[in-house]
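# Results of the structural survey
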Amino acid sequence: MRQILLVRFGEVFLKGQNRPFFMKKLIDHIRLAIREVGGNVWLSEGRIYVSDFSDLDECIRRVTKVFGVHSVSPAIEMPKDDFDAICRQAAEMMRPKQGTFKVLAKRSDKRYPLDSPAIMREAGGYILQNVPHLSVDVNHPDHEITIEIRDHAYLSVERIPAVCGMPMGTNGKACLLLSGGIDSPVAGFMIAKRGVELCCVHYHSFPYTSERAKEKVLELARLLSEYCGRMRVHVVPFTEIQMQIHEKCPENFTTLIMRRYMMRIAQIIAERDHAQALITGESVGQVASQTMEALGCTDEVVGMPVFRPCIGMDKSEIIERAEQIGTFETSSLPYEDCCTVFTPKHPATHPRKELIRKAEKALDTEALIAAAIEGTEVVVVG
Amino acid sequence: MMYFDNSATTRPFDSVIDGMSASMRDGFYNASAAYRPAMDIEKQIHACRQAIIAQTGAKREDEVIFTAGGTESDNLAILGAAAAIRRAGVFLVSSIEHPAVAETMRRVEKMGHEVRIMPINARGVIDLEACERLMDEDTAFISCMQVSNETGAIQPVAELSAMARAKNRSVLVHVDGVQGFMRVPMNMSRMGVDLYALSGHKIHGPKGVGALVVRKGVRLIPQTTGGGQEKGIRSGTYNSPAIIGLHKAIEEMAARQADVEAMRALKLRLYERVSRLDGVKVNGPEPAAADSAPHILSLSFDGVRGEVMRNALEGEGILVSTGSACSSHKQKVSASLRSMGLSETQADGTIRISFGLMNNEQEIDTAAEKMEKLYALLKQYRRR
């Protein structure tokens, strides 16, 4: 008899002929996620199991963050031949519970002497007799104990929901523009959840932003890496570009021109890091640079898809999501990410592309971008 | 790295590190135990008490209560006294106190006492005339820092104490001496101070140790109960390595009083160069004034945010702070600086340079040069 973790997967189920590819990715990622707590991951009869781990709670915490996992249940694996022992174990597992219960049985071993209704009846009767403070409710029970008869018997009570989504790396790679704010980590999470591998680019405006601000961004990337694994963060020195824009371009266009530079640089970094798309945390209408016209202006300079998964979300919805994935607290640290010294008082909200293009002519775009790329520092997190 | 944030903390003297390391290795005994090796530790603690007495003008050894630092000392002084004062009284506190005092006063209010705020003037010094109007025979407790951690302004605690005692003879005077101890003179009996809080790590000693000096006859209700150490006022096993480290720091500071005065020369040397720049202004008393502490210089760089200047200096290997380190996590404009009449942008453009015994003239010249260069560069990019 031993403690194991039963792992259920979600959408991978829908896959047809390429299902083994998705399953392999999923198992690889579960292995990677638990490498520090130890444990074996194995597949049996279309189920994933984890056994021999050192710390169940930590194992659960890690496995429920693997994209593609739908839910997990801590379970007891024991020999199936002694049905009395199974009943005794079931009663022990139900003893700490209060209220009503029901027994669910599944039998993939059809040669087993008892069929599913018989297992439910027998085990249910035993529990009722031996744990007198519980009563049965088959329609709306407070607790469900599942008994599965496969190569062994598996007993489980708890079912812990996991992150769902698709296994990481099954849907290409994208480059996330990571600021220090609340939105961009959420955007990265949402795309990564669909099985997309991530890399990040961050614009650092020293001395207008501090070392702590940079640390904060790296911490956000690390928090994301708990879901999507090890990744590269490209830290781009951005001060010179901001100063040039500030000096040479009309004030109301500075934010937009800055966004265009960010997108251009991100695209170059994405291509170098073999990513096929960009991700931003923009939400329509949230700030001046996120109006419909402004988004059109920034998209104009990019030749790859730009994903904006927060585009239709309210700030409150984004915050709720950030809290769920655990990035909100770090995002709320008060270090500045985009310096106010460069923020115009009245940014253009309905910019015309041709005017922006004309204003940008004052800058030596190629040289500025080349210098920024040259000075980029790469940090690996996770 | 050139370190100019000595008001946040200081690097311990080698003598402190050696003394503490020896204490942990060989003198680890519980000072309260009955055997001989423990008595040796007790003697070393005794020697530290004597050193504190000599530096504060206290009279008796049992007036020194060892604590875990400045914050605990302030808490014990204020809460211990507030709990001992039976009738609801009036507590006066300056508007520029460190959070260790300011936040603790909120609890005093909840205990049923009245708290009144003593205003400061544009030089960052407490306004004695205005304070006198706040005082009456119900004034039970006065709390005023010895030296402002943000501007280095030395506060007129002796005058304040005399003024309050004229209205109520039994008033208690508490002085937070964390930024003043051993850099600015303190004589508790002469200056009329009843409770004096000090900290080890601001004088090149260890962190996590400090003391509250309590004049004989002042009653405090213990805020920590337990084994009855420190006459029951502050229970807990003596942190002997830290107390020994504190003693070493006091000894070395006392032996190097000339170097303490030399910090003022360093401060003036820096100020003399930087004040020539257009747009630079000192906060608090003129650095050469008698009520300006030797080791703190607060400067406003017009048009450049303090945070940006601080980051840029860090890039050049020079460590300073914006405002004071204790409030810098909140990233709000300093209330103390605002109460001195600085505009929000001026207060926001402030950096604090604080000196220690390990700074030298060469560092000052480099720092001045970098400040000149960076200010010229950064002020071009002010918000339009």
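Numbers given for residues are sequential positions, taken from 1 along each chain in its written order. Following the order in which they are written, the chains are lettered starting with A and the ligands numbered starting with 1. Confidence filtering applies because this is a predicted model: local features only for residues at pLDDT of at least 70, side-chain atom pairs given and counted only at 80 or more, and all residues used for totals across whole chains, interfaces and linings. To obtain the side-chain values, all non-hydrogen atoms of the structure were used and water was disregarded.

The subject of this paragraph is the overall build of chain B. For the purposes of this entry, the term helix denotes a DSSP run of H or I that reaches at least four residues, the term strand denotes a run of E that reaches at least two, and both are numbered from the N terminus. When helices and strands are tallied, chain B shows 13 helices and 13 strands. Exposure categories follow from relative accessible area, calculated using a 1.4 Å probe and restricted to protein chains: below 20% of the type maximum is buried, above 50% is exposed, and the middle band is partly exposed. Looking at chain B as a whole, 56% of its 384 residues are labelled buried. Contacts are residue-level and defined by heavy atoms, with any inter-residue pair within 4.5 Å sufficient. The long-range fraction of contacts in chain B, counting pairs at least 24 apart against all pairs at least 6 apart in sequence, stands at 74%. His is not counted, nor are the chain ends, whereas Lys and Arg count as positive and Asp and Glu as negative. The atom standing in for a charge is NZ when the residue is Lys, CZ when it is Arg, CG when it is Asp and CD when it is Glu. Put simply, chain B has 47 plus and 45 minus side-chain charges, and the middle of one group is 3 Å from the middle of the other.

Right, let's talk about the overall build of chain A for a bit. Counting secondary structure elements, chain A contains 13 helices and 15 strands. Since a compact globule built from 382 residues should have a radius of gyration of about 21 Å, the 26 Å found for chain A marks it as more spread out than a globular shape. Dimensions along the principal axes, computed over C-alpha positions, put chain A at roughly 85 × 35 × 35 Å. Classification of the 382 residues of chain A by burial places 55% in the buried group. Counting contacts in chain A only where the partners sit at least 6 residues apart, residues at least 24 apart contribute 80% of the total. Each accessible area value is a Shrake-Rupley result obtained with a 1.4 Å probe; residue values ignore everything except the protein chains displayed when judging cover. Working note: accessible area of chain A is about 17,100 Å², and carbon and sulfur atoms make up 52% of it. Computed over 47 positive and 50 negative side-chain charges, the separation of the two mean positions in chain A equals 4 Å. All radius of gyration figures rest on C-alpha atoms, and the globule criterion is 2.2 Å times the number of residues raised to 0.38.

All right, on to the domain arrangement of chain B then. Residue and element names in this part refer to chain B. Here chain B is described as being made up of domain 1 (2-9 + 257-381) and domain 2 (14-254). Relative to domain 2, the C-alpha centre of domain 1 lies at a distance of 27 Å. The interface of domain 1 with domain 2 comprises 31 residues on the first partner and 28 residues on the second. The buried area of a pairing is the accessible area, by a 1.4 Å probe, that goes missing from both parts when the two are put together, added over both. Buried area between domain 1 and domain 2, summed over both chains or domains, comes out near 2,400 Å², and the portion from carbon and sulfur atoms is 51%. Annotation comment: domain bounds sourced from an automatic or database domain assignment.

Turning to the nonpolar core, a few remarks are in order. Only buried residues count toward a nonpolar core. Its members are Ala, Val, Leu, Ile, Met, Phe, Trp, Tyr and Cys residues joined through side-chain atoms within 4.5 Å. With 88 residues, the main nonpolar core has Ile52, Leu270, Phe301 and Ile353 of chain B as its most contacted residues. Counting residues per element, this core draws most heavily on helix α13 (residues 361-378) of chain B, at seven residues. Each residue touching Ile353 of chain B, except ones within four places of it in the same chain, is listed here: Phe4, Leu270, His295, Ile296, Leu297, Leu299, Val320 and Met371 of chain B. Counting 37 residues, the second-largest nonpolar core is a separate cluster that includes Phe253, Cys297, Ile356 and Ile373 of chain A.

All names here are of chain B. Along the chain, Arg269 turns up in helix α9 (residues 257-274). The partly exposed category is assigned to Arg269, whose relative accessible area is 33%. Through-space distance from the C-alpha of Arg269 to that of Glu361 is 8.1 Å; in sequence the pair is 92 residues apart.

Residues and elements named next belong to chain A. Read from one edge of the open sheet, six strands run β14-β13-β10-β11-β12-β15, paired in mixed fashion. Taken across any chain shown, the strands that pair with only one partner, and hence form the sheet edges, are β14 (306-307) and β15 (377-381). Sheet analysis places strand β10 (residues 173-177) next to strand β11 (residues 197-204), joined by five bridges and oriented parallel. Paired with Leu177 across the bridge in β11 is Val201. Two strands make a pair as long as DSSP finds a minimum of two bridges between them.

Moving on to the side chain of Glu63 of chain B. Residues and elements named next belong to chain B. Mapped onto the secondary structure, Glu63 falls in the loop between α2 (36-56) and β2 (64-67). Here, a salt bridge means any Lys or Arg side-chain nitrogen found within 4 Å of an Asp or Glu carboxyl oxygen. Nearest to the buried, unbridged Glu63 among oppositely charged side chains is Arg60, at 5.1 Å. Polar contact criterion, stated in full: a pair of N or O atoms within 3.5 Å, where within protein one must be able to donate a hydrogen and the other to accept it, and residues adjacent in sequence count only if both atoms are side-chain atoms. Among the polar contacts made by the side chain of Glu63, one reaches the main-chain amide nitrogen of Lys216 at a distance of 2.9 Å.

Moving on: the pattern of salt bridges. All chains considered together, the criterion is met by 53 salt bridges over all chains. Notably, a salt bridge pairs Glu282 of chain A with Arg308 of chain A, separated by 2.6 Å at the nearest N-O pair. Of the two residues, Glu282 of chain A is situated in the loop between β13 (277-279) and α9 (292-299) and Arg308 of chain A in the loop between β14 and α10 (315-325); the sequence distance between them amounts to 26 residues. Residues Glu282 of chain A and Arg308 of chain A agree in their burial class; the two are buried. Across the pair Arg256 of chain B and Asp259 of chain B runs a salt bridge, and its minimum N-O distance is 2.7 Å. When its relative accessible area of 31% is taken as the criterion, Asp259 of chain B is described as partly exposed.

Our focus in this paragraph is helix α6 (residues 157-167) of chain B. Residues and elements named next belong to chain B. Residues of α6 that are buried: Val157, Leu160, Ser161, Met163 and Ala164. One side of α6 holds all its buried residues, which, seen down the axis, span an arc of 165°. If you follow the buried residues of α6, they end up packed against β4 (114-118), α5 (128-134), β5 (139-145), β6 (172-176) and α7 (188-191). Comment: arc refers to directions from the helix axis out to C-beta atoms.

Another point: the domain arrangement of chain A. Residues and elements named next belong to chain A. Partitioning chain A into structural domains gives domain 1 (2-161) and domain 2 (173-381). Each of domain 1 and domain 2 has a C-alpha centre, and these two points are 43 Å apart. The interface is formed by five residues belonging to domain 1 together with eight residues belonging to domain 2. For the pair domain 1 and domain 2, the summed buried area comes to about 610 Å², and 50% of that belongs to carbon and sulfur atoms. Contact with domain 2 buries area across many residues of domain 1, yet Glu11, Lys65 and Phe67 alone supply 85% of it, more than any other trio. For the pair domain 1 and domain 2, the number of links is two salt bridges. Its salt-bridge partner being Lys65, residue Glu226 comes within 2.3 Å of it at the nearest N-O pair. At the junction of domain 1 and domain 2, the tally comes to one residue pair in polar contact (both at pLDDT 80 or more). The residue inventory of the side of domain 1 that touches domain 2, partitioned by class, reads one nonpolar, no polar and four charged. Gly is put with the polar residues, along with every residue not named as nonpolar or charged; the nonpolar set is Ala, Val, Leu, Ile, Met, Phe, Trp, Tyr, Cys and Pro, and the charged set is Asp, Glu, Lys and Arg.

Residue and element names in this part refer to chain B. Within the open sheet, the four strands sit side by side as β9-β10-β13-β12. Their pairing is antiparallel. At either margin of the open sheet sits one strand with a lone partner, and together these are β9 (280-283) and β12 (321-322). Strands β10 (296-301), β12 and β13 (350-354) of the sheet are contacted by helix α10 (residues 306-315), whose axis makes an angle of about 45° with β13. Note on method: axes are straight lines fitted to C-alpha atoms, helices fitted across the in-contact stretch only, with angles between N-to-C directions ranging 0 to 180 degrees.

A few words now on the packing of α2 of chain B against helix α8 (residues 240-255) of chain B. All names here are of chain B. For the pair α2 and α8, interaxial distance at closest approach is 9 Å and the crossing angle is 40°. In terms of axis orientation, α2 runs oblique to α8. For the element pair α2 and α8, the recorded crossing hand is left-handed. Side by side, α2 and α8 meet where Ile41, Gln44, Ile45, Ala47, Cys48, Ala51, Ile52 and Gln55 of the first sit next to Ser240, Ile243, Ile244, Leu246, His247, Ile250 and Ala254 of the second. Every angle not falling under 35 degrees, over 145, or within 65 to 115 is termed oblique; those three ranges are roughly parallel, roughly antiparallel and roughly perpendicular. Throughout, a crossing is termed right-handed when the near helix is turned clockwise from the far one, and left-handed when it is turned anticlockwise from it by less than a right angle.

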